[in-house]
Amino acid sequence: MSKIRVLPDHISNLIAAGEVVERPASVAKELVENAVDAGATRIVIDVESGGRRLLKITDDGEGMSRDDGVLAFERHATSKISKAEDLNAIGTLGFRGEALASIASVARVELVTRTDDASAATRVVIEGGRMRDVKDAPHPRGTTIAVRDLFFNTPARRKFLRSEATESYHLTNLVTHYALAHPEIAFTLTNNGRETLRVAPAKDLRERAYQIFGAQFLDSLLEVNNAISEPTETSFSLPQIAKVRGFVSAPRERRTSRDAQYLFVNGRFVRDRLIGRALSEGYRSILPHGVYPIALLFIDVPLEEVDVNVHPAKTEVRFRRAAAVADAVREAVRAGLASAGYAPAADIRDRRAVADEVGADAAAADPKVALVQPPESPIETRPTGFELRPAPQQERIAFATARAEGPMAPDRPSIDSLPQTVSPEAVSVASAPSQIQSEEIFSAIELSRTESDVKAFPDLPPLDSALKFVREVAVESLSANIRPLGQLDESFIIATDDEGLLLIDQHVAHERVLFDKYRALEASRKSESQQMLIPETFDLTPAQAAAFDAVAEELEAYGFELMRLSGRTVAIKSTPADLPASEARNVLSEVLDTVDNEKRGAARATLRDEIAASLACHAAIKVNMPLAPEKMRWLIDRLLLTSSPTTCPHGRPVILRLATQDILKGFHRI
Ligand code: ADP
Ligand code: MG
């Protein structure tokens with residue numbers, strides 16, 4: 001029984017055109033997708049020479065009849081869609097009917113396939129697009145497709161192939177993605193005869209992630225699942241358009257690229273800027289800009305909500321309601337962080353919405369903050385009238401304890417301690433000859449973009465070697481017993497606590513104090529202004545002018561009073577309390593420059609955090625500033641009362657510690 005048809009022109013013309021065979025990993029992608037679509041429970045991938053010499057994929061899926069086995073190599077031949085409407089709700093990974101034709105045109109391909117009811121399997125040989133042979137052959141139900149000598153007839157494209165190690169990396173990465181997307185399928189990847197990845201069928205994503213990355217790695221991840229989060233905890237009161245589940249990393253895991261973000265939409269692995277950005281927004285004020293969390297995120301939306309016919313490689317998607325999907329991702333990630341104690345739970349709520357709801361002091365609804373009259377503040381640049389303080393001290397301790405009991409080990413795992421553990425039952429992550437270890441997939445491969453780097457990689461020291469002795473202080477190890485001793489370089493407070501010697505970055509410490517204060521004042525609509533003696537004018541760039549109207553209201557909520565004059569000129573009549581007048585322009589520029597379209601519409605809370613962070617940064621004491629002992633004391637006390645004393649609003653560490661133990665070791669006393 002034939003299932004494949006060649007699509008008529010009027011349908012094939014609707015399909016995103018373009019070449020999909022770029023490198024071995026892109027061939028593997030198409031072939032693995034075909035195996036998944038065929039309902040395989042087991043997929044075996046054999047690679048030689050980084051996929052140039054051989055790429056062989058065997059599955060136990062439904063297989064093809066002889067007619068189909070031949071027809072499959074025609075352009076636009078597919079069993080997955082038959083009419084134009086099918087393009088509106090694609091439930092399979094493939095639908096273009098072009099992959100096999102494209103691959104066969106640039107390689108020597110041998111397909112052996114058998115369906116359940118066929119008496120024999122069919123072997124099809126096709127080279128450079130020319131059919132060479134079709135005959136019976138032995139094969140169990142399922143399909144084996146061997147692709148040899150990729151680009152043998154297109155030397156120009158062969159030249160673009162990178163080293164074996166690089167191509168192997170991409171292949172391994174690709175198989176890892178599909179293995180994560182399909183825990184129910186067993187995968188084996190063999191590279192030059194050695195197993196690189198072998199995973200038995202797993203019951204869920206957690207088990208699969210454990211199989212691939214090991215227990216320690218999994219322990220450092222936090223669960224995300226918006227199906228179980230309380231609807232009242234989010235600002236998202238509409239029915240959720242997207243189910244978001246998976247894992248994200250605790251804030252101390254940082255990556256400088258998005259390479260460790262595994263994003264899937266309806267089981268399809270995608271590279272999606274919208275989701276990537278929404279993910280980062282979930283980490284607002286927890287991770288700095290330019291630093292990315294690790295993520296395994298599965299976003300499920302109704303088929304008709306997403307268009308996968310955007311890019312020939314099908315790695316990009318377009319959402320019908322993109323902003324709602326971004327909201328769902330951001331809030332789900334935020335909730336995951338909050339339930340692990342990394343973001344205050346109340347932070348999830350849109351504070352403006354809270355204020356509107358209760359019609360009063362939103363801070364009162366937040367158990368972590370209350371506004372009290374301040375003691376004399378020796379450090380403020382201007383008098384303020386109010387200071388932020390956690391109401392019950394226990395709240396902060398409870399928050400810290402939640403973290404202490406959370407899944408994070410106190411120390412950042414070093415690269416070589418990452419994913420070694422594997423479960424004994426037929427599950428292993430073996431070493432590849434090319435040294436493509438799964439930690440490379442997951443972490444530092446951004447360092448190894450070039451061939452020589454890939455080769456050099458195994459020799460690189462662990463990323464955290466510089467932190468061997470002086471470490472970021474984990475919030476759970478903080479005590480109130482911090483005693484300032486003096487200043488280093490007029491920039492860092494030297495102090496001691498019960499565990500050793502501390503260095504506190506005075507600027508970021510004050511930034512954290514002010515950030516929490518600005519945020520709480522804004523949330524409770526108690527922001528204070530200081531009037532300029534003479535209003536200052538400020539000229540906006542065209543881009544800033546375009547953003548201005550959308551942001552002005554938020555800026556005013558923090559105490560700015562702005563008046564748009566003619567053209568692109570704005571008069572600054574008042575500025576937020578504590579902000580030196582000379583910094584007002586800097587804050588305005590910074591905020592206007594970072595505001596892009598999505599943020600203006602979708603993520604008001606992110607914008608508010610950004611404004612607070614910018615204000616805090618510009619109002620905080622600077623480095624290279626002498627501090628009197630009582631100022632140091634004041635700053636430390638205030639810092640300890642904040643929501644996150646160990647990280648600044650941009651996610652940088654605030655306190656480093658040299659442990660007494662390490663001092664003793666350094667002096668060879670132990
Ligand atoms: P598409 O996957 O977009 O339909 P392909 O060129 O990848 O196009 O494959 C063409 C057709 O060949 C598929 O629609 C499917 O019917 C069949 N096919 C390809 N690979 C397999 C496989 N491993 N098992 C069963 N059928 C397959
Ligand atoms: Mg396909």
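Every value quoted in this text rests on a predicted model; they were computed, and no experiment measured them.

Some details on the packing of aromatic side chains
And then number 1: Considering all chains together, one arrives at two aromatic pairs under this definition.
And then number 2: Between Tyr-178 and Phe-269 the ring centres are 6.3 Å apart and the planes differ by 85°, which places this aromatic pair in the edge-to-face class. Remark: Phe-269 occurs in strand β14 (residues 268-270) and Tyr-178 occurs in helix α6 (residues 164-181); sequence separation between them is 91 residues.
And then number 3: Residue classification places Tyr-178 among the buried residues on the basis of a relative accessible area of 1%.
And then number 4: Classification of Phe-269 by relative accessible area gives buried; the value is 8%.
And then number 5: With centroids separated by 4.3 Å and ring planes inclined at 5°, the aromatic side chains of Phe-264 and Phe-298 adopt a geometry described as stacked. Of this pair, Phe-264 sits in strand β13 (residues 261-265) while Phe-298 sits in strand β15 (residues 295-300), and the two are 34 residues apart along the sequence.
And then number 6: Residue classification places Phe-264 among the buried positions, given a relative accessible area of 0%.
And then number 7: With a relative accessible area of 3%, Phe-298 lands in the buried category.
And then number 8: Note that Arg-108 overlies the ring of Phe-152, its terminal NZ or CZ placed 4.0 Å from the centroid.

Thoughts on the packing of helix α16 (residues 506-523) against helix α21 (residues 629-640)
And then number 1: Contact geometry for α16 and α21: axes closest at 9 Å, N-to-C directions at 50°. Classified by the interaxial angle, the pair formed by α16 and α21 is oblique. In this structure, the crossing between α16 and α21 has a hand that is left-handed. Contacts between α16 and α21 pair Gln-506, Ala-509, His-510, Arg-512 and Val-513 from the former with Trp-634, Leu-635, Arg-638 and Leu-639 from the latter.
And then number 2: Class assignment of the residues belonging to the contact of α16 with α21 gives a composition of five nonpolar, two polar and two charged.

Considerations on the nonpolar core
And then number 1: Counting 62 residues, the largest nonpolar core has Ile-43, Ile-45, Val-147 and Phe-187 as the members making the most contacts within it.
And then number 2: Both domain 1 (9-201) and domain 2 (220-362) contribute no fewer than three residues apiece to this core.
And then number 3: Other than its neighbours up to four places away in sequence, Val-147 contacts Val-27, Leu-31, Arg-53, Leu-54, Leu-55, Ile-103, Ala-107, Arg-108 and Val-109.
And then number 4: Residues Leu-222, Leu-279, Leu-297 and Ile-299 belong to the second largest nonpolar core, which totals 43 residues.

Remarks on the site of ligand 1
And then number 1: Inspection of the region around ligand 1 gives 20 residues, with Asn-34, Thr-78, Ser-79, Lys-80 and Gly-97 positioned closest.
And then number 2: Between ligand 1 and Phe-95, the relevant distance is 3.0 Å, taken from an oxygen atom to a main-chain nitrogen or oxygen of the residue.
And then number 3: With the chains in place, 96% of the 530 Å² that ligand 1 exposes on its own is no longer accessible.
And then number 4: Looking at the shell around ligand 1, the elements with two or more residues in it are β4 (77-78) and α4 (99-105).

What about the sheet that holds strand β9 (residues 186-191)?
And then number 1: Spatial strand order, β7-β6-β5-β8-β3-β2-β9-β10: eight strands in an open sheet with mixed pairing. Two strands in the sheet have a free side with no partner beyond their single neighbour: β7 (130-137) and β10 (194-199). On average, each strand axis in the sheet is tilted by 10° relative to the strand beside it, whichever way the strands run.
And then number 2: With five bridges joining them, β9 and β10 adopt antiparallel strand pairing.

Focus: helix α7 (residues 205-213)
And then number 1: All of the buried residues in α7 are Leu-205, Arg-208, Ala-209, Gln-211, Ile-212 and Phe-213. Take α7 and look down its axis: the buried residues cluster within an arc of 165°, on one side only.
And then number 2: Downstream of α7 by one or two residues, Gly-214 has phi in the positive range, about 95°.

With respect to α16
Because an α-helix packs 3.6 residues into every turn, residues spaced three or four apart end up facing the same way.
And then number 1: Compared with an ideal rise of 1.5 Å per residue, which puts 18 residues at 26 Å, α16 spans 26 Å between its outermost C-alpha atoms and is within 8% of the ideal.
And then number 2: Counted residue by residue, α16 has 18 buried out of 18 residues, so it is predominantly covered.
And then number 3: After α16 finishes, the residue Arg-525 shows a positive phi value of roughly 55°.

Rules behind the numbers
- The residue count restarts for each chain, going from 1 along the sequence in the order it is written.
- Lettering for chains starts from A, numbering for ligands starts from 1, and both go in the order in which the items are written.
- pLDDT decides what is reported in this predicted model: residues at 70 or higher carry local features, side-chain atom pairs at 80 or more are listed and counted, and totals for whole chains, interfaces and linings draw on all residues regardless.
- Excluding hydrogens and water, the side-chain figures rest on all heavy atoms present in the structure.
- Stacked, tilted and edge-to-face are the three classes applied to pairs of Phe, Tyr and Trp rings, where Trp contributes its six-membered ring and a pair requires centres within 6.5 Å; stacked means planes under 30 degrees apart, edge-to-face means over 60, and tilted covers the rest.
- To qualify as a helix, a DSSP run of H or I must reach at least 4 residues; to qualify as a strand, a run of E must reach at least 2; elements of each kind are numbered from the N terminus.
- Each residue gets one of three labels from its accessible area relative to the maximum for its type: buried under 20%, exposed over 50%, partly exposed in between, using a 1.4 Å probe on protein chains only.
- Two conditions define a charge located above a ring, namely a distance within 6 Å from the ring centre to NZ of Lys or CZ of Arg, and an angle within 35 degrees of the ring normal.
- To define axes, lines are fitted to C-alpha atoms, for helices over the stretch in contact only, and angles between the resulting N-to-C directions are given on a 0 to 180 degree scale.
- Every angle not falling under 35 degrees, over 145, or within 65 to 115 is termed oblique; those three ranges are roughly parallel, roughly antiparallel and roughly perpendicular.
- The sense of a crossing depends on the near helix, which, turned anticlockwise from the far helix by less than a right angle, makes the crossing left-handed and, turned clockwise, makes it right-handed.
- In what follows, a contact means two residues having at least one pair of non-hydrogen atoms within 4.5 Å.
- Only Asp, Glu, Lys and Arg are considered charged in this grouping, and only Ala, Val, Leu, Ile, Met, Phe, Trp, Tyr, Cys and Pro are considered nonpolar; every other residue, Gly among them, is considered polar.
- Put simply, a nonpolar core is a bunch of buried Ala, Val, Leu, Ile, Met, Phe, Trp, Tyr and Cys residues held in one set by side-chain atoms that sit within 4.5 Å of each other.
- What marks off one domain from the next here is an automatic or database domain assignment.
- One heavy atom within 4 Å of a molecule or strand is enough for the residue carrying it to be called near that molecule or strand.
- Pairing of N or O atoms within 3.5 Å defines a polar contact, subject to two protein rules: one partner must be a possible hydrogen donor and the other a possible acceptor, and residues neighboring in sequence count only if both atoms are side-chain atoms.
- Accessibility throughout is a Shrake-Rupley quantity obtained with a 1.4 Å probe, and a residue counts as covered only by protein chains that appear here.
- At least two bridges found by DSSP between two strands are what make those strands a pair.
- Directions drawn from the helix axis to the C-beta atoms are what define this arc.
- To estimate how far a helix should reach, multiply one less than its number of residues by 1.5 Å.

Geometric values such as these leave the question of function open.
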